[in-house]
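# Structural description and commentary
Below are the chains, spelled out letter by letter.
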Amino acid sequence: MKRLLSALVCLLLLAGVSWGEEFKADLLAKDAPEHTVWLSSLNITTMTAGWGRPHVDKSIDGNPIKLDKKVYARGVGTHALSNITIDLKGVVTRFQAMVGIDDEVNDQGSATFTVFADGRSLLETPILKGGDKPFFIDLDLTGVRTLRLHLGDANGNISCDHGDWAGALLWLDAEAKVTPEVITPPAPPALSTAEPIINSQYSTSLRINGPDITGVTPGRPLQFYLPTAGTAPLVFTANKLPAGLLLDPATGIISGTLTTAGEYPVTFTVTSAGERATRTITFVAGANKVGLTPPMGWNAGNVLGRRTDAAKVKEYA
């Protein structure tokens, strides 16, 4: 039996046939081999990119796709973070592509390329940086229904992550009657149309908030708003307010200039509808005293996404 197999292999080699010959393709070519389609021949309008818009047969900057000084006639140029999801229609048997950071950014940028099959990661490349040799992807997709191609940033920074799916090619079953189709995956729940809740808890109880100390530079103008919660109208008073500073009793804004370095504890009182609250805040005047306490609180701009407008920004403030 071993002699028979050896003889068969010798005959195939003499005939010029090698294993995997049916999957050989010139990814630099303009025309696709029989029973294949270029990724760039599909409708990629739903493909996402972290900057710019993905381009068919061009880099993200609109230049010819170029990896390691080689120009690829076909492919998709995009930018991290990027995704495209393809319904394989049950007819795709293989996926091939040369991937890397486009030469247009020289030695800048870094990214990883991941191929997901039916939600499962089939392959993730090493981190590819600008100027690195491209990575050849060749995957068997027999039985796979959905393919997702993901371009990820490698270091938390997407700057110059110009990634190419160069010569990306889908091999079809020889009897295929349909072609693969790019689909739009369902939007994650976080991107629902419901408006985000900016502040779900609010108390009308009268109180003075803010830090116990605040830094001041002597000789520089000061404007400090006494942060207060309560029902308007509010009336503000101060005990031992240092010379050079004034308190607006209606707004709670302290303004003016302190000329001498030192520590100035001030007791503030606010009244509203029979309620009364007090708080002592120390003004510390001196060189390099501004920012004695870290700012507290955090607003996520991305929670609004493209729904950001002036009214929402004011509401946050």
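Placed above this text is the structure.
All values reported here derive from a predicted model rather than from experimental measurement.

With that out of the way, let us pick up the sheet that holds strand E22 (residues 262-272). Strand order in the open sheet made by the four strands is E16-E23-E22-E19, with mixed pairing throughout. The open sheet is flanked by strand E16 (213-216) and strand E19 (235-239), the only strands paired with a single partner. The average angle at which neighbouring strand axes cross in this sheet is 30°, direction not considered. For E22 and strand E23 (residues 275-285), the ladder comprises 11 bridges, and the chain directions are antiparallel. Among the inter-strand pairings, Thr269 is bridged to a residue of E23, identified as Thr278.

Here we take up the packing of aromatic side chains. Summed over all chains, the structure comprises four aromatic pairs. Both rings, one in Phe268 and one in Phe283, keep their centres 6.4 Å apart while their planes meet at 70°; by these two values the pair is edge-to-face. Taken together, the residues Phe268 in strand E22 and Phe283 in strand E23 connect sequence positions 15 residues apart. Looking at Phe283, the relative accessible area reads 0%, which means it is buried.

This next bit is on the pairing of E23. Two elements, E16 and E23, share four bridges in a ladder whose sense is parallel. In the strand pairing of E23, Thr214 is matched with Phe283. Taking the residues that link successive antiparallel strands as the turn, the E22-E23 hairpin has two residues, and the phi of Ala273 there is positive, at about 50°.

With that settled, consider the nonpolar core. Counting 36 residues, the largest nonpolar core has Leu39, Phe95, Leu147 and Trp165 as the members making the most contacts within it. Among the elements that make up this core, the one with the highest residue count is strand E7 (residues 92-101) (five residues). Setting aside residues up to four positions removed in sequence, Leu39 forms contacts with Ile44, Val76, Ile84, Ile86, Leu149, Trp165 and Ala168.

Along the chain, Ser59 turns up in the loop between strand E2 (55-56) and strand E3 (65-67). Excluding residues that lie within four positions of it along the chain, Ser59 makes contacts with Ile65, Gly77, Asp102, Glu104 and Asp164.

Attention shifts here to the sheet that holds strand E17 (residues 221-225). Spatially, the three strands line up as an open sheet ordered E17-E21-E20, and their pairing is antiparallel. Edge positions in the sheet fall to E17 and strand E20 (245-247), since each has one partner strand and no second. This sheet shows a mean twist of 15° between the axes of neighbouring strands, independent of strand direction. Where E17 lies against strand E21 (residues 253-257), five bridges are found, and the strand directions are antiparallel. Its bridge partner being in E21, Pro221 is matched across the sheet by Thr257.

Attention now moves to the environment of Leu42. Considering the arrangement of structural elements, one finds Leu42 in the loop between strand E1 (36-38) and E2. Residues Leu42 and Glu181 lie 139 residues apart in sequence; the distance between their C-alpha atoms is 6.6 Å.

So, on to unusual backbone geometry. Geometrically, the link from Ala80 to Leu81 is a cis peptide bond, its omega value of -5° lying close to zero. Take Leu81: it is sitting in the loop between strand E5 (75-79) and strand E6 (82-87). The omega torsion across Ala232 and Pro233 is 0°, close enough to zero to call that bond cis. Among the secondary structure elements, Pro233 is positioned in the loop between strand E18 (228-229) and E19. Not every positive phi belongs to a glycine, and Cys160 is a case in point at roughly 65°. Here Cys160 is to be found in the loop between strand E12 (146-153) and strand E13 (162-172). Not every positive phi belongs to a glycine, and Ala273 is a case in point at roughly 50°. Counting through the fold element by element, Ala273 comes out in the loop between E22 and E23. Its relative accessible area of 80% is what places Ala273 among the exposed residues.

About the cut-offs
- Sequence order as written defines residue numbering, which begins from 1 separately in each chain.
- Given that this is a predicted model, residues contribute local features only at a pLDDT of at least 70 and side-chain atom pairs are listed and counted only at 80 or more, while totals for whole chains, interfaces and linings are drawn from all residues.
- Side-chain numbers here rest on the full set of heavy atoms in the structure, without hydrogens or water.
- DSSP calls a pair of strands paired once it identifies at least 2 bridges connecting them.
- What counts as a helix is a DSSP run of H or I of at least four residues, what counts as a strand is a run of E of at least two, and both are numbered from the N terminus.
- Every axis corresponds to a line fitted to the C-alpha atoms, with the helix fit spanning only the stretch in contact, and the corresponding angles, defined between N-to-C directions, vary from 0 to 180 degrees.
- By convention, a stacked pair of Phe, Tyr or Trp rings (six-membered ring in the case of Trp) has centres within 6.5 Å and planes under 30 degrees apart, an edge-to-face pair has planes over 60 apart, and any other such pair is tilted.
- Here the term buried applies to any residue with accessible area under 20% of the maximum for its type, exposed to any over 50%, and partly exposed to those in between, with areas from a 1.4 Å probe on protein chains only.
- Take the buried Ala, Val, Leu, Ile, Met, Phe, Trp, Tyr and Cys residues and link them wherever side-chain atoms come within 4.5 Å; each set so joined is a nonpolar core.
- Residue contacts are defined here by distance: any two heavy atoms, one from each residue, within 4.5 Å place the two residues in contact.

Keep in mind these values describe shape, not function.
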